[in-house]
Amino acid sequence: MSFFGRSRPEGKVLETVGIFEALKQHGKYETGQLFLHSVFGYRGIVLFPWHARLYDRDVTPLAYISENICQSKEVKGKTHTYYQVLIDTRDCPHISQRSQTEAVTFLANHDDSRALYAIPGLDYVSHEDILPYNSTEHVPIQHELFERFLMFNPSKNPSFSARDTLLAWQEKNHPWLELSDVHRETTENIRVTVIPFYMGVREAQNSNVYWWRYCIRLENLGHEVVQLRERHWRIFSLSGTLETVRGRGVVGREPVLSKEQPAFQYSSHVSLQAPSGHMWGTFRIERTDGSHFDVRIPPFSLESNKDDKAPPTGYPL
């Protein structure tokens, strides 16, 4: 079954870009697997898998005490497969309002302890987000790293193999790319998924500052159109501080979640003057009739790597 490119510019004819393959109910997709993202609609290719622990609070109910700090009912993590992928740059303009395409960031090797840089078109994708397809094109995905990381191999299925440069890049940057824990919770049909990443430590004013990025996806699982209006974070540091952050929207936006465009994904950063901490909070959501409700952000840990090494210098290749 062939499928067609999504979100094509006006006046352009839809074009066939590949043949759908059967979904993998068991096992994982291999390096070089082409896919269409089932939520955001972009074309991509799998670089390598991550085996994460998924803590799903929709499966194990939690008791909440004052200020949304969760009681010690243990949520058991289940192994779940995610993938490091490249996004086709032709599709980036069409998804930029719903998903950041420069979400994977690194600490820069500057005197400025807050300097960050991003690798455009790099994403993390859950196994169920992948709609696999194949193509006879030698370069079916447009991305500056595609030919540096992958080579066409018609005798293989999928027909793209990892180059040594991809394996070396994966090994070198493993501590800063690694996806280990995923946290998920649904409130009134709005599902929030959080993935934290440790970025490294920097010295600032004679003290260590530990950095994390966190990726958040909001998904409207219902039929009602809603809009995110406010965020309310609580950030606890092992040093004993508890910080409250309130503000309008997220990353300067107040996204609408509808049946046609049910999801919004973004990344942000947090720093602590301690090697670990916790974050939790709520999003204030507005219905079309003007009423509001709060959606819980599942609590998650901020943990630094015990064998901390310096983050990569320069462009991580």
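Residue positions are given per chain, counting from 1 as you read along its sequence in written order. Reporting in this predicted model follows two pLDDT cut-offs: at least 70 for local features of residues, and 80 or more for side-chain atom pairs to be given and counted; totals over whole chains, interfaces and linings ignore these cut-offs and use all residues. Computation of side-chain values: all heavy atoms of the structure, hydrogens and water removed.

Engineer: Can you break down the environment of T282 residue by residue, with the values?
Structural biologist: Only DSSP runs of H or I reaching four residues or more are called helices, and only runs of E reaching two or more are called strands; each is numbered from the N terminus. Within the secondary structure, T282 is located in strand β19 (residues 276-287). Taking the C-alpha atoms as reference points, T282 and H232, 50 residues apart in sequence, are found 5.3 Å from one another.

Engineer: A description of the pairing of strand β3 (residues 34-37) should follow, citing residues and the corresponding values.
Structural biologist: Burial classes: relative accessible area under 20% of the type maximum marks a residue as buried, over 50% as exposed, and values in between as partly exposed (1.4 Å probe, protein chains only). Burial along β3 is two-sided: L34 and L36 and F35 and H37, pointing in opposite directions, are all buried. In short, DSSP must find at least two bridges between two strands for them to pair. Note that β3 and strand β4 (residues 43-56) share three bridges and pair antiparallel. Looking at β4, one finds that L34 is bridged to I45. Counting the residues that bridge the hairpin from β3 to β4 gives five residues, and of these G41 lies at a positive phi of roughly 80°. Pairing between β3 and strand β9 (residues 130-134): four bridges, direction antiparallel. Among the inter-strand pairings, H37 is bridged to a residue of β9, identified as I130.

Engineer: Requested: an account of the nonpolar core, with residues and values cited.
Structural biologist: A general trend in soluble globular proteins is that nonpolar side chains are found buried together. The set of buried Ala, Val, Leu, Ile, Met, Phe, Trp, Tyr and Cys residues whose side-chain atoms join them within 4.5 Å is what this entry labels a nonpolar core. With 60 residues, the main nonpolar core has L177, L179, I216, L218, W233 and F283 as its most contacted residues. By definition, residues are in contact when any of their heavy atoms lie within 4.5 Å. Residues contacting F283, with those up to four places away along its chain left out, are V192, I216, L218, L228, E230, R231, V250, Y266, F293, D294, V295 and I297.

Engineer: Before we move on, can you summarise the layout of surface pockets with the specific residues and values?
Structural biologist: In this structure, the second largest pocket occupies an estimated 310 Å³ of space. Every definition here rests on a 1 Å grid over the protein atoms only: cavities are sets of points where a 1.4 Å probe fits but cannot get out, pockets are open sets enclosed by protein on both sides within 12 Å along at least five of seven lines, and lining residues have some atom within 4 Å of a point. Around the second largest pocket, the lining comprises 15 residues; the ones closest to its centre are S180, D181, P196, E303 and N305. Mapped by element, the contributors of at least two residues to the lining of the second largest pocket are β12 (181-187), β13 (190-204) and β20 (292-303). Ten residue types, Ala, Val, Leu, Ile, Met, Phe, Trp, Tyr, Cys and Pro, are classed as nonpolar, four, Asp, Glu, Lys and Arg, as charged, and the remainder, Gly among them, as polar. The class makeup of the residues in the lining of the second largest pocket is six nonpolar, five polar and four charged. Grid points are joined across faces, edges and corners, and a volume is the space filled by probe spheres set on the points.

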